[in-house]
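Chain by chain, the residues:
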Amino acid sequence: MVVCLLAIGAESVALAPSAVTAGHHHKQKKHHKKPKLPSRFFGISPNSGLPSPAEFARMKRGGIRSYRIPFGWSTIWPKFGSPPNWTYFDFEVALAAQANLSVLPVLYSTPSWLGVSEKTLPIKNAAQRTAWSAFLKAAVARYGPHGAFWRKFPTLPYLPIRAWQIWNEENSIWYTEPVSVSGYAKLLKASSRAMKRADHGATVVTGGLFGRPRLPNTYFASGFLKRLYKIKGVKSSFDVLGLHPYAADPQDMRSQIIEIRSIMRKHGDARTPLWLDEFGWGSGLGDTSYEKGPQGQKKALVGAYRLLKSNWRRWKVTRTYWFSWDDIPASKPACFYCHSSGLFTAAGTPKPAWYGFVQVSRRKP
């Protein structure tokens, strides 16, 4: 939790001669410092590909302090009986550490050797549950406190991973099929046990709930969360709630956050932080409300961050992750606006949104 410091000016003010003769006393003025944003408030959730060292340096210069990485289980552990392959992720974590960016891994994607699709939650049988727990423990042993990665690269800034996100958009068929509230509750509780055993100080983050997906066999984040809280023991199995408040505009995003916080309060979870681990708009000119054109993307970004900076304490939003860092070719399979969601073009050219980002972060482009 973020502790906000309130500094009160208490200096004595000398009375002016005229005030003394008039018998009046000036009241001391209290000066309130505006509370600082949480240190890792600004984050980035990349689209695809690995940013270069120069790009990581630019993230840091622009005020980004946290980097969200998809840790695909099926990619890291593709073959049954073989050891996990951390090579690619070692490189990515190393680049982030060099730029002093904390890493938020998203743990998801069931490998095919368990006999199911990547979208299937690994909770149906003992073999799936055991394998999933082994994966989580291996990830902590690699990148957590005193992990093998940090021993292998002792010259890197020591930034062990302490926060771990369990799955992604578990309320939508984009990443989870079938969508199951009870199934995700089982996964979350099992994950929390495994993580806390591996690192007692680990922060367990729920998968980012997709705010209002309009897809078959899905739940809005609010509906999914209401059902999730009804399951015994689930509230104590996570430390942070993740949310993807994709919206037509910043005010629509605001209504989603308020709705989720209301549900959390009603279930006795008012103190739990909220991380917006994906949100954004595109610079394209498509027929979806998520695409705004280059200047419209910047306007939406600035409006959203001004809203979040003004209300982060009230809503307990302690981290935000813009999606995404750069564009991808429109020909690649992606969501309906993902190709234009970046702060940079696919060629690495800064877009107006990047200048809007550094405007709200008060850093340098």
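Residues numbered from 1 in each chain as written. Predicted model: local features only at pLDDT ≥ 70, side-chain atom pairs only at ≥ 80, totals over all residues. Heavy atoms only, no water.

1. Notes on helix H9 (residues 250–266)
In a regular helix each residue adds 1.5 Å, so 17 residues correspond to 24 Å; H9 covers 25 Å between its end C-alpha atoms and thus fits that length. Where H9 is buried, its residues contact helix H8 (221–229), strand S7 (241–244), strand S8 (274–279), helix H10 (294–315) and strand S9 (317–322). By the N-cap criterion, in which a side-chain oxygen at the helix start approaches the backbone nitrogen of a residue two or three places on, H9 is capped by Asp 249, the distance to Gln 251 being 3.1 Å. In the stretch just after H9, Gly 268 is the one whose phi turns positive, near 70°. (Helix = DSSP H or I, 4+ residues; strand = E, 2+ residues; numbered from the N terminus. Expected span 1.5 Å × (residues − 1). Contact = heavy atoms within 4.5 Å. Polar contact = N/O pair within 3.5 Å; in protein donor to acceptor, adjacent residues only side chain to side chain.)

2. A closer look at the layout of surface pockets
Roughly 900 Å³ of internal volume is contained in the largest pocket. Lining the largest pocket are 32 residues; nearest its centre among them are Asn 47, Pro 70, Tyr 108, Tyr 175 and Phe 323. Those elements that provide at least two residues to the lining of the largest pocket are strand S2 (66–72), helix H4 (87–98) and strand S3 (102–108). Examining the composition of the lining of the largest pocket, we find that three residues originate from one element, S2, more than from any other. The class makeup of the residues in the lining of the largest pocket is 19 nonpolar, six polar and seven charged. (1 Å grid on protein atoms, 1.4 Å probe; cavity = no way out; pocket = protein on both sides within 12 Å on 5 of 7 lines; lining within 4 Å. Points joined across faces, edges and corners; volume = space filled by probe spheres on them. Nonpolar A, V, L, I, M, F, W, Y, C, P; charged D, E, K, R; others polar.)

3. Describing the packing of aromatic side chains
How two aromatic rings sit relative to each other is set out by the distance from centre to centre and by the angle between their planes. Counted under the stated rule, the structure contains 36 aromatic pairs. Measuring from centroid to centroid gives 6.5 Å for Tyr 108 and Trp 167, while their planes differ by 85°, and the two rings are edge-to-face. With a gap of 59 residues between them, Tyr 108 in strand S3 and Trp 167 in the loop between strand S4 (163–166) and helix H7 (181–198) connect regions that are remote in the sequence. Side by side, Tyr 108 and Trp 167 carry an identical accessibility label, which is buried. (Phe/Tyr/Trp six-rings, centres within 6.5 Å; stacked < 30°, edge-to-face > 60°. Buried < 20%, exposed > 50% of the residue type's maximum accessible area, 1.4 Å probe, protein only.)

4. Focus: the packing of H7 against H8
Relative orientation of the contacting elements H7 and H8 amounts to 60°, with a least axis distance of 9 Å. Judged by the sense of rotation from one axis to the other, the crossing of H7 with H8 is right-handed. Residues Val 181, Tyr 184 and Ala 185 of H7 form the contact with H8, whose participating residues are Phe 224, Arg 227 and Leu 228. For the contact of H7 with H8, a count of residues per class yields five nonpolar, no polar and one charged. (Axes fitted to C-alpha atoms, helices over the stretch in contact; angles between N-to-C directions. Left-handed = near helix turned anticlockwise from the far one by under 90°.)

5. Digging into empty space enclosed by the protein
Counting across every chain of the model gives one cavity of 30 Å³ or more. Of the volumes computed, that of the largest cavity is approximately 30 Å³. Taken together, Gly 211, Arg 212, Phe 220, Ala 221, Ser 222, Leu 243, Gln 256, Glu 259 and Ile 260 make up the lining of the largest cavity. Those elements giving two or more residues to the lining of the largest cavity turn out to be H8 and H9.

6. Focus on the sheet that holds S2
One open sheet holds the nine strands; their spatial order is S5-S4-S3-S2-S1-S9-S8-S7-S6, and the pairing between them is parallel. Two strands in the sheet have a free side with no partner beyond their single neighbour: strand S5 (203–206) and strand S6 (209–210). Here two bridges tie S6 to S7, and the two strands are oriented parallel to one another. Of the residues in S7, the one forming a bridge with Phe 210 is His 244. (Pairing = 2+ DSSP bridges.)

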